[in-house]
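So you can see what is in the structure, the chains are spelled out below.
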Amino acid sequence: MNAKQKETNLNIIKEVLRKYLQDKKFRNTPERYTILEEIYNMDHHFNVDDLYLIMMKKKYHVSKATIYNTIEIFLDAGLIRKHQFGEKTQTSSSYEKSYFDKQHDHLVIYKKNSDKEIEEIIEFCDPRIQGIKEAIEEAFGVNIDTHSLYFYGTKKD
């Protein structure tokens, strides 16, 4: 993505956040926008500890509690997506930006001989999954808005 498109996208998500905060009558603080920018500048999944360390390295004065609270706001606003990859970390939830991303699934690869330490997370889309989703909608008479599918494993020798 080029710099102009990235800037356009940042402006769009900031406006989404601004409207959300206004609708919910939440405070419109600069810290929330700074955290949002840091998340949307990432190209990978992250947890609260990762985000906190990034913020500290850049000399932003934000507490971990502020990050946790802000993450909840972003989840509700549809700006990020939460995952439970089963990793063994202090903060077991992972997150990713979601506003411009299409639905996708995850292959979680653990390091061999580890206690669920993640080596890699591969995102993928398979059109057959869309077919399964449509079959479930038809069979049960529902509309599926979103789904989560995770495969877990280790690399073959």
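Structure shown above.
Because the structure is predicted, anything quoted here is derived from the model rather than measured.

A short note on the pairing of strand S2 (residues 94-97)
And step 1. Here S2 shows a buried face lined by Ser94 and Glu96 and a second buried face lined by Tyr95 and Lys97.
And step 2. Relative to S2, strand S1 (residues 80-83) runs antiparallel, the two sharing four bridges. For Ile80, the partnering residue across the bridge sits in S2 and is Lys97.

So, the sheet that holds strand S4 (residues 118-124)
And step 1. Pairing is mixed across the open sheet formed by three strands, whose spatial order is S4-S3-S5. The sheet is open, and its two edges are formed by S4 and strand S5 (150-153), each paired on a single side. Averaged over all adjacent pairs, the angle separating strand axes in this sheet is 15°, with direction ignored.
And step 2. Pairing analysis gives four bridges linking strand S3 (residues 105-110) to S5, with the strands arranged parallel. Across the sheet, the residue bridging to Ile109 is Gly153, located in S5.

Topic: the packing of aromatic side chains
And step 1. Tallied over the full model, the rule gives five aromatic pairs.
And step 2. Ring geometry for Tyr110 against Tyr152: centres 6.0 Å apart, planes inclined by 10°, an arrangement best described as stacked. Of the two residues, Tyr110 sits in strand S3 while Tyr152 sits in strand S5, which places them 42 residues apart along the sequence.
And step 3. Between Tyr150 and Tyr152, the ring centres sit 6.2 Å apart and the planes meet at 35°, which makes this aromatic pair tilted.
And step 4. Site record: aromatic cluster; members linked through ring pairs are Tyr110, Tyr150 and Tyr152.
And step 5. One residue, Lys64, lies across the ring of Tyr52, its end atom 5.4 Å from the ring centre.

Focus: a nonpolar patch on the surface
And step 1. There is a patch of nonpolar side chains on the surface, built from Ile132, Ile136, Phe140 and Val142 and spanning about 390 Å² of accessible area.
And step 2. Along the chain, Ile136 falls in helix H5 (residues 127-140).

Re the pattern of salt bridges
And step 1. Under the counting rule described, the total for this entry stands at 13 salt bridges.
And step 2. For Asp49, the salt bridge goes to Lys64, with nearest N and O atoms at 2.8 Å. Here the residue Asp49 occupies a position in helix H3 (residues 48-57), and Lys64 occupies one in helix H4 (residues 64-77), the gap between them amounting to 15 residues.
And step 3. A relative accessible area of 14% places Asp49 in the buried class.
And step 4. The partner of Lys155 in a salt bridge is Glu120, with the nearest N and O atoms 3.3 Å apart. Remark: Glu120 occurs in strand S4 and Lys155 occurs in the segment after S5; sequence separation between them is 35 residues.

Analysis parameters
- Residues numbered from 1 in each chain as written.
- Predicted model: local features only at pLDDT ≥ 70, side-chain atom pairs only at ≥ 80, totals over all residues.
- Heavy atoms only, no water.
- Buried < 20%, exposed > 50% of the residue type's maximum accessible area, 1.4 Å probe, protein only.
- Helix = DSSP H or I, 4+ residues; strand = E, 2+ residues; numbered from the N terminus.
- Pairing = 2+ DSSP bridges.
- Axes fitted to C-alpha atoms, helices over the stretch in contact; angles between N-to-C directions.
- Phe/Tyr/Trp six-rings, centres within 6.5 Å; stacked < 30°, edge-to-face > 60°.
- Lys NZ or Arg CZ within 6 Å of the ring centre and 35° of its normal.
- Patch = residues over 30% accessible without salt bridge, like charges linked within 9 Å, V, L, I, M, F, W, Y side chains within 5 Å.
- Areas by Shrake-Rupley, 256 points an atom, 1.4 Å probe, with all protein chains shown as cover.
- Salt bridge = Lys/Arg side-chain N within 4 Å of Asp/Glu carboxyl O.

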